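Descriptive analysis of the structure
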Amino acid sequence: MPYPYNIEEINKRATDDPKDFALECEAIYNRKVMEAAAGIAERAEISRVVFLSGPSGSGKTTTALKICDAIKNLGIYAHVISMDMYFLSSDREAAPRTDDGEHDLESPYCLDLDLLNEHYTKLDRGEEVIIPYFCFNIQDRDPAKCKPLKLAKDEIVIFEGIHALNDMLANEHPNAFKLYISARSDIEENHEVCFKRTWTRLLRRVVRDELFRGMGASRTLKMWANVRDGEKKYISPFKYKADLLFDSSMAYEVPIMKKLAYKAISEVPDGTERLDELRALLPALKEFKEIDSSVVPAESILREFIGGGIYS
């Protein structure tokens, strides 16, 4: 289990030297990226396929791309494939459902599991496959945007998605390097948790949805209940099968997110589902000093949520 952060230390660094604080946090993150790249490179001779899993808001996309950059220095070229591209064509009647009858968009059965397993096997053998392209605007695959992929000798492919470590996929490919990523560190005050690790991911979602997806905090929160239920059923049970557990939290990120998230959360109207959970964040956020987002490097994982990054 990762060590918790300390709010007093965070606030001191946020006040005294925010730029250096940011750089130190980023350096720690980048060392984790190098550790992951080294593990993948060591396994590359026996498997060209890598599985990267993690819950919503964990920073899977940016971390996968940063690993690609790091592994190039080890003589390996990496491709990143989002497992979202393997969503099945939209069929409301055939879609999996939750216990209360709602469409279960977190279920692994939303994916074309047979095609994924087929592609894993063929790519590992050096055979060519056609990677599908799922267009969320039309909720269907777009054949015009599908792309061929065939791995050369010194190439690997990273499949990133919430279900990458699910037994229905990972068990068929035991030699693949498996990586689980999430914001895994709480923040403590006087040895008591004052900011839960799940709140870090919720903050990331609130900020990203507000800035880039046209969704207010109330809509994010409404979806969050199903997201969390899906994590408990479909993601968390498989995380300890990973070869490496990657903590994507950074000590300076709540001070960065505070300014961006506080107003959005404060404006959530009364009567919103699970409002108490979201508003519990407000007094906790008040205890943090703010850091201006200008100190966040363009290559940072935080840019996946606040924008202005070099990865997409």
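The paragraphs below set out a description of the structure included in this document.

**So, the overall build of the protein chain**
- Helix and strand counts for the protein chain come out as eleven helices and twelve strands.
- Radius of gyration (C-alpha) of the protein chain: 20 Å, near the 20 Å computed for a compact globule of 312 residues.
- The dimensions of the protein chain, computed from C-alpha atoms along their principal axes, are 55 × 50 × 35 Å.
- Long-range pairs, those at least 24 residues apart, make up 77% of the contacts in the protein chain with a sequence separation of at least 6.
- Of the accessible surface of the protein chain, which amounts to about 15200 Å², a share of 48% is contributed by carbon and sulfur atoms.
- Distance between charge centres in the protein chain, computed from 43 positive and 53 negative side chains, equals 1 Å.

**Here we look at a nonpolar patch on the surface**
- Where nonpolar side chains cluster on the molecular surface, the patch consists of Leu211, Phe212 and Leu260 and spans about 270 Å² of accessible area.
- Within the element layout of this structure, Leu211 appears in helix 6 (residues 197-212).
- Judged by its relative accessible area of 42%, Leu211 is partly exposed.

**Some points on the pairing of strand 8 (residues 155-160)**
- The element strand 8 is extensively covered by neighbouring structure, given that six of its six residues are classed as buried.
- Along strand 8, one buried face is formed by Glu155, Val157 and Phe159 and the opposite face, lined by Ile156, Ile158 and Glu160, is buried too.
- Bridge count for strand 2 (residues 49-53) against strand 8 is four bridges, and the pairing is parallel. Looking at strand 8, one finds that Leu52 is bridged to Glu160.
- By the bridge criterion, six bridges tie strand 3 (residues 77-82) to strand 8 in an arrangement that is parallel. Within the sheet, the bridge partner assigned to Val80 lies in strand 8 and is Ile158.

**Focus: helix 4 (residues 113-124)**
- If you check helix 4, its first and last C-alpha atoms are 17 Å apart, about what twelve residues at 1.5 Å a residue would give, namely 16 Å.
- Along helix 4, the residues classified as buried are Leu113, Leu115, Leu116, Asn117, His119, Tyr120 and Leu123.
- Where helix 4 ends, the next residue or the one after it, Gly126, has phi of about 85°, a positive value.

**Topic: helix 8 (residues 253-266)**
- Compared with the 20 Å implied by 1.5 Å per residue over 14 residues, the 19 Å span of helix 8 between its first and last C-alpha is a close match.
- At Lys259, helix 8 shows its maximal kink, close to 45°.
- If you check which residues of helix 8 are buried, you get Glu253, Val254, Pro255, Ile256, Met257, Lys258, Ala261, Ala264 and Ile265.

**A word on the environment of Asn73**
- Residue placement: Asn73 occurs in the loop between helix 3 (60-72) and strand 3.
- Sequence spacing of Asn73 and Leu275 is 202 residues, and the spatial spacing of their C-alpha atoms is 47 Å.

**So, the nonpolar core**
- Membership of the largest hydrophobic core comes to 64 residues, with the highest contact counts inside it found for Ile67, Ile156, Ile158, Phe195, Tyr252 and Ile265.
- The residues touching Phe195, leaving out its near neighbours within four places in the chain, are Asp186, Ile187, Thr200, Leu203, Val254, Leu281, Ala284, Leu285 and Phe288.
- Judged by nonpolar contacts, the second largest core, of 31 residues, contains Leu113, Tyr120, Val129 and Val157.

**Considering the sheet that holds strand 3**
- Ordered by their spatial adjacency, five strands build an open sheet running 3-8-2-9-12, and the pairing between neighbours is parallel. Strand pairing shows two members of the sheet lacking a second neighbour, strand 3 and strand 12 (244-247), which therefore form its edges. The mean inter-strand angle of the sheet, taken between neighbouring strand axes irrespective of direction, is 25°.
- With four bridges joining them, strand 2 and strand 9 (residues 177-182) adopt parallel strand pairing. Across the sheet, Phe51 pairs through a bridge with Lys178, a residue of strand 9.
- Together, strand 2, strand 8, strand 9 and strand 12 form the strand contacts of helix 2 (residues 18-43), whose direction differs from that of strand 12 by roughly 160°.
- In this fold helix 4 packs onto strand 2 and strand 8, with an angle of close to 165° to the strand it touches most, strand 8.

Thresholds applied
- Residue positions are given per chain, counting from 1 as you read along its sequence in written order.
- Given that this is a predicted model, residues contribute local features only at a pLDDT of at least 70 and side-chain atom pairs are listed and counted only at 80 or more, while totals for whole chains, interfaces and linings are drawn from all residues.
- Side-chain figures throughout are based on the complete set of non-hydrogen atoms in the structure, without hydrogens or water.
- Numbering goes from the N terminus for both helices and strands, where a helix is a DSSP run of H or I of at least four residues and a strand is a run of E of at least two.
- Radius of gyration here uses only the C-alpha atoms, and the compact-globule reference equals 2.2 Å multiplied by the residue count raised to the power 0.38.
- Residue contacts are counted whenever heavy atoms from the two residues lie within 4.5 Å of one another.
- The method behind every accessible area is Shrake-Rupley, applied with a 1.4 Å probe, and residues are considered shielded solely by the protein chains displayed.
- Asp and Glu count as negative and Lys and Arg as positive, but His and the ends of the chain are not part of the count.
- Here the site of a charge means NZ on Lys, CZ on Arg, CG on Asp, or CD on Glu.
- Note on patches: the residues involved have over 30% relative accessible area and no salt bridge, like charges join within 9 Å, and the nonpolar side chains Val, Leu, Ile, Met, Phe, Trp and Tyr join within 5 Å.
- Here a salt bridge means any side-chain nitrogen of Lys or Arg lying within 4 Å of a carboxyl oxygen belonging to Asp or Glu.
- Burial classes: relative accessible area under 20% of the type maximum marks a residue as buried, over 50% as exposed, and values in between as partly exposed (1.4 Å probe, protein chains only).
- Any two strands with at least two DSSP-identified bridges between them are counted as paired.
- An expected span of 1.5 Å times one less than the residue number is assigned to each helix.
- One fitted axis covers the seven residues ending at a residue, a second covers the seven starting there, and the bend at that residue is the angle between these axes.
- Side-chain atoms within 4.5 Å link the members of a nonpolar core, which is a set of buried Ala, Val, Leu, Ile, Met, Phe, Trp, Tyr and Cys residues.
- Axes here mean lines fitted to C-alpha atoms, for a helix over just the part in contact, with angles spanning 0 to 180 degrees between N-to-C directions.

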